[in-house]
Amino acid sequence: MSTYIYAITAADHPLRLDGISGIGDPASKLRVVKTKTLSAVVSDAPPDLRAKRRDLVAHQSVLEGLLTDGAALPMRFGLVGPDDDQVVAVLEQQHDTYLDRLQEIDGCLEYNLKVARDEQDLLMEIVTESDQVRELNERTRQDSGAHDQKVALGELISNEVRARQENDSRDLVATLTPAAVRVAVGEPTKTHFLNVSFLVERDKTAAFSQAVDEEAERRGDTYTLALNGPLPPYSFV
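Here is what the cut-offs are and how they apply
- Per chain, residues are indexed from 1 in the order of the written sequence.
- It should be noted that, the model being predicted, local features are given only for residues of pLDDT at least 70 and side-chain atom pairs only at 80 or more, the latter also being counted only at that level, while totals for whole chains, interfaces and linings use all residues.
- For side-chain calculations, the full set of non-hydrogen atoms in the structure is used, while hydrogens and water are omitted.
- Whenever a carboxyl oxygen of Asp or Glu lies within 4 Å of a side-chain nitrogen of Lys or Arg, that contact is scored as a salt bridge.
- A simple rule labels every residue: compare its accessible area, found with a 1.4 Å probe on the protein chains alone, to the largest value its type can have, and call it buried under 20%, exposed over 50%, or partly exposed in between.
- Put simply, DSSP H or I for four residues or longer makes a helix, DSSP E for two residues or longer makes a strand, and each gets a number counted from the N terminus.
- Ring pairs shown here join Phe, Tyr and Trp side chains whose ring centres sit within 6.5 Å, with only the six-membered ring taken for Trp; geometry is labelled stacked below 30 degrees between planes, edge-to-face above 60, and tilted in between.

## Some words on the pattern of salt bridges
So, step 1. Under the defined criterion, the tally for this structure stands at 17 salt bridges.
So, step 2. Note that Asp 55 is salt-bridged to Arg 54, the shortest N-O span being 3.5 Å.
So, step 3. Taking the relative accessible area as the measure of exposure, Asp 55 reaches 3% and is therefore buried.
So, step 4. On the accessibility criterion, Arg 54 (38% relative accessible area) is partly exposed.
So, step 5. For Arg 219, the salt bridge is made with Asp 168, and the minimal N-O distance between the two is 3.3 Å. Here Arg 219, found in helix α7 (residues 205-219), pairs with Asp 168, found in helix α6 (residues 147-176); they are 51 residues apart in sequence, far enough to count as distant. Side by side, Arg 219 and Asp 168 carry an identical accessibility label, which is buried.
So, step 6. Each of Arg 117, Asp 121, Glu 125, Glu 160 and Arg 164 takes part in one network of salt bridges that share partners.

Shown next as structure tokens:
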């Protein structure tokens, strides 16, 4: 049977797995495969593996339990190896890389920040500050058939939106980076112009959350800063 992989830890991790169940229905039993310096927490992989809520929660629970006692490299849901021997082989092949990552994230947690801005507020700012936008906007209002000018106005506004969002993103990341060990900027979402993860030392998480709150207050109600965490450090594995 294939082997489902939850996380990789150092061999000296306590690995207290009693009372924690794996994915599947019925829930699979967790086990550990080891080399001299690394361990992988695994279980049998169910043949009909899909991202069901029950299994997603079970996967997350295993990771949370491991992170309580020390550093663990979280594997994303659905990672399956052919068998335990192949998992051991990968641990041996990637020995140095895994140990470096474990050392880097030891004592740290991930926080993800997504930032959005009220669209009308942004457009109002652009119209107020851009003479070119105001001029084209007025022309298209006076001449409903000015197709080329409408296209030019749309492109100009789109460029202004992108430039201002990029500037906001740089400013936000620069402001919060000093409170983190590492930063990983992800792809924006449909509704958020900034999607960024921070690796934060466990004993500094309160200070990091406060820094985000202060930034949200500084920017006002037209910005939405959604902080999610603490999380397993997926973005830094």
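## Re the packing of aromatic side chains
So, step 1. Taken as a whole, this structure holds four aromatic pairs when the rule is applied.
So, step 2. Centroid distance Tyr 111 to Phe 208: 5.7 Å. Interplanar angle 50 degrees. Geometry classified as tilted. In this pair, Tyr 111 is assigned in strand β6 (residues 108-117) and Phe 208 in helix α7, connecting sequence segments 97 residues apart. Grouping residues by exposure puts Tyr 111 and Phe 208 together as buried.
So, step 3. For the ring pair Phe 198 and Phe 208, a centre distance of 5.0 Å and an interplane angle of 55 degrees mean the geometry is tilted. Separated by 10 residues along the polypeptide, Phe 198 in strand β8 (residues 194-201) and Phe 208 in helix α7 bring together distant segments of the chain.

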